[in-house]
Amino acid sequence: MNSLIDEWKHVAGSKYLRFIFIGPLVAAIFFGLMFSHNQVSESPVVVIDEDHSAYSRQLISTINASQYMNVTNVYASRLAPEILLANEKAVAVIMLPKQLEQRKQQGLSTNIGILMDNTIPSGLTGIRTAIQEIIVTENMTLSMTRLIQKGMDTETFKGLVSPLSLQQRMLFNPTTSYVDFMVLGFVNIVVLMITTSAVGAIVPRLRQEGKLFANGKSPFQIWIRSVPYAVISSISLFLCYGLLKQVGGMRFEAEPYLFIIPLLVYAFALALVGLLIGYSAKDLSKVNSRTNFVVYPSFLATGIQLTPLVFPEPFQIFAWVLPMNWLNRLIRGMAFRDGALTAYSLEIGALLIIIGVVSLFIGLLVLREAGKAGPSREPLMNSEDLPSNS
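Residues numbered from 1 in each chain as written. Predicted model: local features only at pLDDT ≥ 70, side-chain atom pairs only at ≥ 80, totals over all residues. Heavy atoms only, no water.

How do you make sense of the pattern of salt bridges when you look at a structure like this?
Two side chains that carry opposite charge are able to pair once their charged atoms sit near each other. Counted under the stated rule, the structure contains seven salt bridges. Residue E369 pairs with R207 through a salt bridge whose shortest N-O separation is 3.0 Å. A residue pair is termed long-range when its members are at least 10 positions apart, and E369 in helix α16 (residues 345–373) and R207 in helix α9 (residues 202–209) qualify at 162 residues. Judged by relative accessible area, which is 31%, R207 ranks as partly exposed. Ionic pairing is found between R251 and E253, a salt bridge with its closest N-O pair at 4.0 Å. With a relative accessible area of 36%, E253 lands in the partly exposed category. (Salt bridge = Lys/Arg side-chain N within 4 Å of Asp/Glu carboxyl O. Helix = DSSP H or I, 4+ residues; strand = E, 2+ residues; numbered from the N terminus. Buried < 20%, exposed > 50% of the residue type's maximum accessible area, 1.4 Å probe, protein only.)

Put into C-alpha cells, the structure is as follows:
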C-alpha cells in the first residue's frame, strides 16, 4: 500500500491532475461548438439550363427550395466543370438539357445530369438525397397527371406505379449528430493521450529517482501505481460525457451508476497499457513518442470517424488489442442503444483479458529487472559503530 499512497501524493502535486480535467473539457466544449451543426445544409450548386423554358425554370425553383441545396448561379450554356467548381464556390453542377419541356409534353424520358465534386464526400450527402427526392416526385407527378387525364383514379395509379412504399427510420442518432461520434471520439483521444503519457512515465521516473524497488520487488508494487490514474481518468470522462449531454445534446440512455462499471474497467486497462509501453523507456522524453503507437491506431481503427467494418478483417482483429475499441462499442451499445450491462459481457470481458495479459507482461518485466538488480544490500555501518584499534 506504500506504493499506492506514494503515487497518490505524486499525482496530487503533478500537472497530470490539471491536464486530465482541463484538456478533455476544453476539447468537449471546443469540438462541440465546432460541430454544433449536425449536417451540411444549403450546399451551393450551379445549374446549366440549356432549355430556357418555363418548365426548366420551375425545376430550378424546386431545386433551390430544397433544404439541402442553394442555387448560386444559372448558366445558359455548358462550361467545363473544372471552371464551375473552382474555388469551392459550388459542390455540384446540375445540367438541364435542350428540349426538356418539349420531351416532357411528348411523354418521352430525358436525362438530367449532375456532376458532383467528390473531393470532400461528406458535403454531398444532402445533395444526393435531395436530388433523388425531386426526381421521384417529378416522375410521380407527371405520370399521375397523364394517367388521370386518361380516366384512371389515383389509387389505381399508385397500385400500378408504386405497389410497395418504403418507410425508414434512423435509430439511436436520427439527426446524424457529430457530437455522438466525432466529438466524443476526440474527447476519448485526449484522455487517452494524457493518461498513457502520465502512466508511462511512472517507471522511468522511479528508476531515475532510485525508488523503483523502494517498497519491495513484487510486481504488485508497480502494478498498483496505475490505480490513481484509472480512477481520475474515469471521473474526467464521466464529467465530459455529462457536459456533452447537457450542452451538446449527446444521446446517453444508460444509467450512470451502471455505466461507471465498464468505464472503470476501461480506464484501468488503458492505464496498464500505458505502464507497459513506458516501462523500458530510458527516460521521460521517450515516453510520449511511444504513446503514439496507441493513439494513432485508436483514432483510426476504433470507430471514431469510420466504422471498423470498412477495414480489412486483419485490421479489425488488430483493433481488439486497443482498449478504446471496446470503450467505443460500450458507448454505442449502452449509452446510445440503452443496452443492459449484461448484454455487453463480451466487451467487458475483452477489457479484462487486456488487463490480465498486460499485467502478465508487466510482472515479467519487473521480475527480470529485479533479478538483474540482485539482492538488496544492507546499508553500511556508521564510522562510530566500527571497532576501535586501540
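Quick question: what am I supposed to make of the sheet that holds strand β1 (residues 43–49) here?
Read across the sheet, four strands follow the order β2-β1-β3-β4 without closing on themselves; strand pairing throughout is mixed. Sheet topology places β2 (69–75) and β4 (113–116) at the edges, where each strand pairs with a single neighbour. For this sheet, the mean inter-axis angle between neighbouring strands, taken without regard to orientation, is 25 degrees. Bridge count between β1 and strand β3 (residues 92–96): five bridges; the pairing is parallel. (Pairing = 2+ DSSP bridges. Axes fitted to C-alpha atoms, helices over the stretch in contact; angles between N-to-C directions.)

When you look at helix α3 (residues 54–65) in this model, what are you seeing that I'm missing?
An α-helical turn contains 3.6 residues, so any two residues separated by three or four positions project in the same direction. Relative to the 16 Å expected for twelve residues at 1.5 Å per residue, α3 spans 17 Å between its end C-alpha atoms, a close match to the ideal helical length. Among the residues of α3, those classed as buried are Y55, S56, L59, I60 and I63. Each buried residue of α3 lies within a common arc of 140 degrees when the element is viewed along its axis, so the set occupies one face. (Expected span 1.5 Å × (residues − 1). Arc of directions from axis to C-beta.)

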